[in-house]
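So you can see what is in the structure, the chains are spelled out below.
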Amino acid sequence: MKLCIPICTPNGLESRIEPHLPHAEHLLCFDTEKREYEQIALRQQPEGAGKNLQVDAVLCGSIDHVVMRMLAQQGIKVYGVAAQTAAQAIAQYENGELESAVENFGSCSGQKKNPESGSCHDNDCISSEGSCQGCRS
């Protein structure tokens, strides 16, 4: 299984997780079988780089519904984490402590409904707790 984790700066498995996936400047891709990782700088890549990047799951603190839907359509699972480092997130995943974010959103296109209005927000993000956070992208 190949895991993708948004990180703030490349510091190996001790890298601090970037809380909101679309804000990440780096990704840490971890292969659970080989126990190896690769760090990718997103802002310094030439156009089209990373198109061959293959991952099975994304572990992140929050994600907007557009990215969530895009990943789900590609068969990539998304798991919400509250971990501080990549190593902690990987341990939570391997210990079965994480729930699939996509499965928790029912018929709301990867988006939980607002308890006040009962409708989905177009640009809100999903947090690791599975709730709308009011992030505007």
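Along each chain, residues carry numbers from 1 onward, in the same order as the chain's sequence is written. It should be noted that, the model being predicted, local features are given only for residues of pLDDT at least 70 and side-chain atom pairs only at 80 or more, the latter also being counted only at that level, while totals for whole chains, interfaces and linings use all residues. With hydrogens and water excluded, all non-hydrogen atoms of the structure serve as input to the side-chain values.

Novice: Would you explain the sheet that holds strand β4 (residues 57-60) in this entry?
Specialist: Through backbone hydrogen bonds, the strands of a sheet pair up, either in parallel or in antiparallel fashion. In this analysis, strands are considered paired if DSSP registers two or more bridges between them. Only DSSP runs of H or I reaching four residues or more are called helices, and only runs of E reaching two or more are called strands; each is numbered from the N terminus. One open sheet holds the five strands; their spatial order is β3-β2-β1-β4-β6, and the pairing between them is mixed. In this open sheet, the two edge strands, each paired with only one partner strand, are β3 (36-41) and β6 (77-80). Averaged over all adjacent pairs, the angle separating strand axes in this sheet is 25 degrees, with direction ignored. Sheet topology note: the strand β2 (residues 26-31)/β3 ladder contains six bridges and is antiparallel. Bridge pairing in β3 links Asp 31 to Glu 36. This element, helix α2 (residues 86-94), spans β1 (2-7), β2, β4 and β6 of the sheet and lies at about 145 degrees to β1. Think of each axis as a best-fit line through the C-alpha atoms, taken over the contacting stretch in the case of a helix, with angles from 0 to 180 degrees between the N-to-C directions. Throughout, a contact is declared for two residues whenever any of their heavy atoms are within 4.5 Å.

Novice: What am I meant to see in α2 here?
Specialist: Owing to its 3.6 residues per turn, the α-helix aligns residues three or four sequence positions apart on the same side. The cut-offs for exposure are 20% and 50% of the maximum accessible area for each residue type, with area from a 1.4 Å probe on protein chains only; residues under the lower value are buried, those over the upper are exposed, and the others partly exposed. Looking only at α2, the buried set comprises Ala 86, Ala 89, Ile 90 and Tyr 93. One face of α2 carries all of its buried residues, which in axial projection span an arc of 100 degrees. Once α2 finishes, Gly 96 follows within two positions and takes phi at roughly 70 degrees, a positive value. Note that the arc is defined by the directions from the helix axis to the C-beta atoms.

Novice: Sorry, what's going on with the nonpolar core here?
Specialist: Here is a general trend for soluble globular proteins: nonpolar side chains tend to be buried in one another's company. Among buried residues, the Ala, Val, Leu, Ile, Met, Phe, Trp, Tyr and Cys ones that are joined through side-chain atoms within 4.5 Å form a nonpolar core. Residues Leu 3, Ile 5, Leu 28, Leu 59 and Ala 89 are the most contacted members of the largest nonpolar core, which totals 16 residues. Broken down by secondary-structure element, the contributors of at least two residues to this core are β1, β2, β4 and α2. With four residues, α2 is the largest single contributor of residues to this core. Not counting residues up to four positions away in its chain, the partners in contact with Leu 59 are Leu 3, Cys 4, Ile 5, Pro 6, Tyr 79, Val 81, Ala 89, Ile 90, Tyr 93 and Leu 98. In this structure, Cys 29, Ile 40, Val 58 and Val 78 belong to the second largest nonpolar core, which totals 15 residues.

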